[in-house]
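Each chain, letter by letter, is given below.
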Amino acid sequence: MSERDDEEREFDLKWADGAEHKEPSARARMLAARWKDNPPGPVPFRADPEPRRARRRSPGRSPGRSSWVSTALVFGCVAAVIVLLGYINFRGSA
């Protein structure tokens, strides 16, 4: 683009931003029309979390396993790999 095009584009943006009346977006118009007849009820900023018993478990998780057991399993596997690598390094240097 030439310098002339950039100046015209900047002028158009300033002209559009300085408009007295700005048309609302399509979504804003749609919601205003919908809420005119049926206004939405009040919604809290953050809803209360669901009780722990009502929460659904992820499909891959066994029903009796808690998060600390999974954490211990991961740390155990990492420790086993470290020990195995140390053993292989020890055997290789001897």
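The structure under discussion appears in the preceding block.
Quantities reported herein were computed from a predicted structural model and do not represent experimental measurements.

What counts as what
Residues numbered from 1 in each chain as written. Predicted model: local features only at pLDDT ≥ 70, side-chain atom pairs only at ≥ 80, totals over all residues. Heavy atoms only, no water. Helix = DSSP H or I, 4+ residues; strand = E, 2+ residues; numbered from the N terminus. Areas by Shrake-Rupley, 256 points an atom, 1.4 Å probe, with all protein chains shown as cover. Patch = residues over 30% accessible without salt bridge, like charges linked within 9 Å, V, L, I, M, F, W, Y side chains within 5 Å. Salt bridge = Lys/Arg side-chain N within 4 Å of Asp/Glu carboxyl O.

## Considering the overall build of the chain
Turning to step 1, where the next piece is worked out: When helices and strands are tallied, the chain shows three helices and zero strands.
Turning to step 2, where the next piece is worked out: Helices (α) and strands (β) of the chain occur, in sequence order from the N terminus, as α-α-α.
Turning to step 3, where the next piece is worked out: Of the roughly 9700 Å² of accessible surface on the chain, 59% is carried by carbon and sulfur atoms.

## A short note on a nonpolar patch on the surface
Turning to step 1, where the next piece is worked out: A contiguous nonpolar patch, built from Val81, Leu84, Leu85, Tyr87 and Ile88 and spanning about 510 Å² of accessible area, is present on the exposed surface.
Turning to step 2, where the next piece is worked out: Residue position: tyrosine 87 is located in helix H3 (residues 67–93).

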